[in-house]
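# Secondary and tertiary structure notes
Each chain, written out:
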Amino acid sequence: MSLTPHDIAKMLDHSTLQPFLTEADIRHGCEVALKYDTASVCARPGDMKIVAEMLKGSDVKVCTVIGFPHGNHTTAIKVAEAEAALDDGCVELDMVINLGKMIAGDEAYVQNEIKQIVDLAHARNAKVKVIIETCYLTDEQKKRACELAAEVNADWVKTSTGYGSAGCTLPDLRLMRAAVPASVQVKGSGGIRDLDTVLAARQIGASRCGVSATEKIMQEAEARYARGELTEAPVGEVDTTGGY
């Protein structure tokens, strides 16, 4: 099946999460996202007012991260952070689960925290992506984390922050897609830097990819489209290890 570059753009959450980025960098990131009409700009919580201003009137969503990158904030702090982001115009929240609790088997804690964020977001017409940080979990823990998120109506499950010991892998995307119902989407993130990886994630069933290499990926998509070669054909295994 043939694709258009816009199909690819609408899979991309353009990420501007590095700690050293300036306001000028954030504004440039929004300009890149607007140029290609990406799915969203995923920026740091303190940047939400800038991003909301820049994206106003466009089809590019305002997205931020909650409990990022380690996930070990208290639930109250995560909820407060989410509420502040929503107040600032955010409509998608990428929250990190409490990894220590998940590894220790305290599923009730992990699920309750997800539920509080999801309920808050849904009450305000926003959506939630639950980052399970796959690099620190066993396959069984990955599956359970996805199931816990799905049970409380999370909108996405997401592989990685991009700041752990490894990033997105295709086997993890397959595992996660199989672990959740069709009503829950899957997002890959962490080390996704080329079009082939995005296409591989799409083939598996991921609807979003978190990337900072948006311009490179979109230039590849446009060039391939011009040659009549932008398709959903399967590609080889890709194993990414880097951050955003």
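What you are looking at is a predicted structure, and each value in this text was computed from that prediction instead of being measured. (Residues numbered from 1 in each chain as written. Predicted model: local features only at pLDDT ≥ 70, side-chain atom pairs only at ≥ 80, totals over all residues. Heavy atoms only, no water.)

### Regarding the packing of aromatic side chains
Going by this rule: Two rings belonging to Phe, Tyr or Trp (six-membered ring only in the last case) form a pair when the distance between their centres is within 6.5 Å. Interplanar angles under 30 degrees mark stacking, angles over 60 mark edge-to-face geometry, and anything in between is tilted. Under the DSSP-based scheme used, a helix requires at least four consecutive residues in state H or I and a strand at least two consecutive residues in state E, with every element numbered from the N terminus. Exposure categories follow from relative accessible area, calculated using a 1.4 Å probe and restricted to protein chains: below 20% of the type maximum is buried, above 50% is exposed, and the middle band is partly exposed. For a ring to carry a charge above it, either NZ of a lysine or CZ of an arginine must fall within 6 Å of the ring centroid while also lying within 35 degrees of the normal to the ring plane.
Following the criterion strictly, the structure yields 1 aromatic pair and no others. Judged by centre distance (5.6 Å) and plane angle (85°), the ring pair of Phe68 and Tyr163 falls under edge-to-face. Pair noted here: Phe68 is in the loop between strand E3 (61-66) and helix H4 (75-87) and Tyr163 is in the loop between strand E6 (156-158) and helix H8 (170-179), with a separation of 95 residues, a long-range link. A relative accessible area of 18% means that Phe68 is categorised as buried. By relative accessible area, which is 33% here, Tyr163 ends up partly exposed. Looking at Lys101, its charged tip hangs above the ring of Tyr109, at a distance of 4.8 Å from the centre. Here Lys129 stacks its cationic end above the ring of Trp156, 5.1 Å away from the centre of that ring.

### Remarks on the confidence of the model for the chain
Interpretation of this model should avoid reading the predicted coordinates in detail wherever pLDDT is low. Operational definition: Each residue carries a pLDDT value, the predictor's own confidence for that position, ranging from 0 to 100. The criterion used for residue contact is that any of the two residues' heavy atoms lie within 4.5 Å.
Of all residues in the chain, 95% attain a pLDDT of 70 or more, and the chain-wide mean is 95. Considering only residues more than four positions removed or in separate chains, one finds that residues 237-244, a stretch of pLDDT under 50, has 39 contacts.

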